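Secondary and tertiary structure notes
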Amino acid sequence: MSKTIELQIEKSRGLVEGLRKHLRQGVGGGVTDEEIVKMEEALSELESANEECDRLRAELSPKVKHMNEVLNTVKTAYAEKKKTLKGYYPQEQWAEYGVPDKR
């Protein structure tokens, strides 16, 4: 859970509890029970959405790590092959092999 969302959930829970407590005592402070229920529903929805995002992050993280490893392998192979081509062929032929570099 991100710190920002965690903090907002915690603050919102505290506010809802305080509002409920005072509403039961007859001092609602201009807030209706319906408004508190809507806020609780939104808070519940935020918690669910956040849990889903955390689950997706956990699922995505190893896949991103794997992709970065494969990317590094491809970049290394590209650099090695490009260096080999540049050593064997004159600059005029590099473009034929997909190497647009100039010395």
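Residues numbered from 1 in each chain as written. Predicted model: local features only at pLDDT ≥ 70, side-chain atom pairs only at ≥ 80, totals over all residues. Heavy atoms only, no water.

1. Focus on the packing of helix H1 (residues 3-24) against helix H2 (residues 33-88)
Interaxial distance between H1 and H2 falls to 10 Å at its minimum, and their mutual angle equals 155 degrees. In terms of orientation, H1 and H2 fall into the roughly antiparallel class. For the pair H1 and H2, the crossing hand works out as left-handed. Contact residues: H1 offers Ile-5, Ile-9, Ser-12, Arg-13, Leu-15, Val-16, Leu-19, Arg-20 and Leu-23, while H2 offers Asp-33, Ile-36, Val-37, Met-39, Glu-40, Leu-43, Leu-46, Glu-47 and Asn-50. Residues that form the contact of H1 with H2 fall into these classes: 11 nonpolar, 2 polar and 5 charged. (Axes fitted to C-alpha atoms, helices over the stretch in contact; angles between N-to-C directions. Helix = DSSP H or I, 4+ residues; strand = E, 2+ residues; numbered from the N terminus. Parallel < 35°, antiparallel > 145°, perpendicular 65-115°, else oblique. Left-handed = near helix turned anticlockwise from the far one by under 90°. Contact = heavy atoms within 4.5 Å. Nonpolar A, V, L, I, M, F, W, Y, C, P; charged D, E, K, R; others polar.)

2. Concerning a nonpolar patch on the surface
A cluster of nonpolar side chains, Leu-60, Val-64 and Met-67, forms an exposed patch at the surface whose accessible area comes to about 260 Å². By secondary structure assignment, the location of Leu-60 is in helix H2. For Leu-60, a relative accessible area of 48% puts it in the partly exposed group. (Patch = residues over 30% accessible without salt bridge, like charges linked within 9 Å, V, L, I, M, F, W, Y side chains within 5 Å. Areas by Shrake-Rupley, 256 points an atom, 1.4 Å probe, with all protein chains shown as cover. Salt bridge = Lys/Arg side-chain N within 4 Å of Asp/Glu carboxyl O. Buried < 20%, exposed > 50% of the residue type's maximum accessible area, 1.4 Å probe, protein only.)

3. With respect to the pattern of salt bridges
Summed over the entire model, instances satisfying the criterion amount to 7 salt bridges. Of the charged contacts, one joins Lys-38 and Glu-34 as a salt bridge, the two residues approaching to 3.7 Å between their closest N and O atoms. Here Lys-38 and its partner Glu-34 are both found in helix H2, 4 residues apart, which amounts to about one turn of the helix. For Lys-38, a relative accessible area of 52% puts it in the exposed group. For Glu-34, a relative accessible area of 54% corresponds to the exposed category. Between Glu-80 and Lys-81 there is a salt bridge; the shortest N-O distance is 3.9 Å. Its relative accessible area of 44% is what places Glu-80 among the partly exposed residues. Note on Lys-81: relative accessible area 51%, which makes it exposed.

4. Quick word on the environment of Ser-12
Along the chain, Ser-12 falls in helix H1. Spatially, the C-alpha atom of Ser-12 lies 20 Å from that of Cys-53, the residues being 41 residues apart in sequence. Among all residues touching Ser-12, those that are not within four sequence positions of it are Met-39 and Leu-43.

5. Focus: the environment of Met-39
Among the secondary structure elements, Met-39 is positioned in helix H2. Through-space distance from the C-alpha of Met-39 to that of Asp-101 is 60 Å; in sequence the pair is 62 residues apart. Excluding its chain neighbours within four sequence positions, the residues that come into contact with Met-39 are Ser-12, Leu-15 and Val-16.

6. A closer look at H1
The terminal C-alpha atoms of H1, which comprises 22 residues, lie 32 Å apart, in line with the 32 Å expected from a rise of 1.5 Å per residue. Along H1, the positions that sit buried rather than exposed are Ile-9, Ser-12, Val-16, Leu-19 and Arg-20. Taken around the axis of H1, the buried residues stretch over an arc of 100 degrees, which confines them to a single face. The exposed set on the far side of H1, more than 90 degrees from its buried face, consists of Lys-3, Glu-10 and Glu-17. The secondary structure elements touched by the buried residues of H1 are H2. Within two residues after H1, Gly-26 carries a phi angle of roughly 90 degrees, on the positive side. (Expected span 1.5 Å × (residues − 1). Arc of directions from axis to C-beta.)

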